[in-house]
Amino acid sequence: MASPNSSFTELLSTTIQKLEEGGLFDNILTKNALSAGIKKRSVDGGPQIVVPVIWAENASYKRYSGAELLNTASNDTMTSFSYPWAQVALNIQINGREMLQNSGKSQYRDLLKARVSVAKLSFENGFNEDMLSDGSLPNQVGGLQLLISDNGTGTVGGVARASYAFAKNQFYRAVTDGGLAMSASNCVSYMDALDILVSAKRGKTDLILADNVTFGYYEGTVHALQRITNDTGKMARLGFRTYNYKSAEVVLEPSSPNGGMPGTTMYFIDSEALELVSHSKRNLVQLPTRDSFNQDSSISYLAWMGQLVCNNFSRLGVLNND
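Residues numbered from 1 in each chain as written. Predicted model: local features only at pLDDT ≥ 70, side-chain atom pairs only at ≥ 80, totals over all residues. Heavy atoms only, no water.

Novice: Please clarify how the confidence of the model for the chain should be interpreted in this entry.
Specialist: Caution is warranted with low-pLDDT regions, since their predicted coordinates should not be read in detail. Summarising the model, the chain shows a mean pLDDT of 85, and 86% of its residues fall at 70 or more. Per-residue pLDDT stays below 50 along residues 1-8; that stretch engages in 16 contacts with residues further than four places along the chain or on separate chains. (pLDDT = per-residue confidence, 0-100. Contact = heavy atoms within 4.5 Å.)

Novice: Can you walk me through unusual backbone geometry in this structure?
Specialist: Excluding glycine, residues mostly have negative phi values, and the peptide bonds linking residues are mostly trans. The phi angle at Arg202 is positive, at roughly 65°, despite the residue not being glycine. Positionally, Arg202 belongs in the loop between helix 8 (187-200) and strand 8 (207-210). With a relative accessible area of 72%, Arg202 lands in the exposed category. Unusually for a residue other than glycine, Thr264 sits at a positive phi of about 45°. Here Thr264 lies in the loop between strand 10 (248-252) and strand 11 (265-269). (Helix = DSSP H or I, 4+ residues; strand = E, 2+ residues; numbered from the N terminus. Buried < 20%, exposed > 50% of the residue type's maximum accessible area, 1.4 Å probe, protein only.)

Novice: Which parts of the structure should I look at to understand the nonpolar core?
Specialist: As a rule of thumb, soluble globular proteins bury nonpolar side chains together. Ranked by internal contacts, the top residues of the largest apolar core, which has 56 residues, are Phe81, Tyr83, Leu144, Leu209 and Leu274. The element best represented in this core is helix 5 (residues 105-131), accounting for 7 residues. Ignoring anything within four residues of it in the chain, the contact list for Tyr83 reads Gln48, Ile49, Val51, Leu147, Gly157, Gln307, Leu308, Val309, Cys310 and Phe313. Of all hydrophobic cores here, the second largest spans 20 residues; its members include Val222, Tyr245, Ala248 and Phe268. (Core = buried A, V, L, I, M, F, W, Y, C linked by side-chain atoms within 4.5 Å.)

Novice: Help me out: how do you make sense of the layout of surface pockets in this one?
Specialist: Taking a probe equal in size to a water molecule and rolling it over the atoms shows the remaining empty space. A volume near 350 Å³ is recorded for the largest pocket. In this structure, the largest pocket is lined by 16 residues; those nearest its centre are Ile54, Trp55, Phe166, Asn312 and Ser314. A total of 3 residues in the lining of the largest pocket trace back to one element, the largest contributor, which is strand 2 (residues 49-54). Grouping the amino acids of the lining of the largest pocket by side-chain chemistry returns 9 nonpolar, 4 polar and 3 charged. (1 Å grid on protein atoms, 1.4 Å probe; cavity = no way out; pocket = protein on both sides within 12 Å on 5 of 7 lines; lining within 4 Å. Points joined across faces, edges and corners; volume = space filled by probe spheres on them. Nonpolar A, V, L, I, M, F, W, Y, C, P; charged D, E, K, R; others polar.)

And the structure:
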């Protein structure tokens, strides 16, 4: 039987498609500092997202002379981090009553546009919280609080940090390691201490996410120096207010009552070490519009599938107040 809602079923579909054609997901990602600053790629399947890594050096290196025996021992130098797929969906819907109340094609197209805009904003906010999370909610993206440990513990990508140092990130704790709680007077010196740890592992921090408190500390410190970035900085060009710290941009990532950025925390990000991986067929795309068999309504979903992954934890760091 033909759908009783065919007139707005088609409109619902085409309205969302127009938004997709404008680069919906790319546009959403540029609104969030972390997703704007790191690499993105897509893959076409697999039970998990697998990231091959070098975890040990080749131990057969030997200095020799003449016919001296060479080292023939085998070397296990490669392994992989594996990350589960996470999925997100949200719906956009309209019913026959709303269509008739907003009669005229332009009228209810405006209604749908408004709902699509709300869905886009809702995705931006929810996705940003996931990207900063500890991944503890069901089916949630494993965010920075999972990937970048406050104290070098936990399991990431299927590897226990307690057993394998290559899975550990760098961390500096204000009270434990620095002796005093973080403040405007010591914020930069603590950042310098963490930067040394990251640099020792050949990390090149180019993005620092700071919560309200630490951003205020740093801002107060650099105001007098007027080290505000110009348009040459990547994040500044995208519209974020940033400050320079060595070769990195310091960006405000506000804390949220719904979760996200932890308080009194800075994340040091090497954008080459983190990737946002999406499935090539679920990169925030519209699923087929569904008509209710017993209601005068239609619904469509925007769906995404992927994960935030890391290929080199030692090049990431966190500064906190512990």
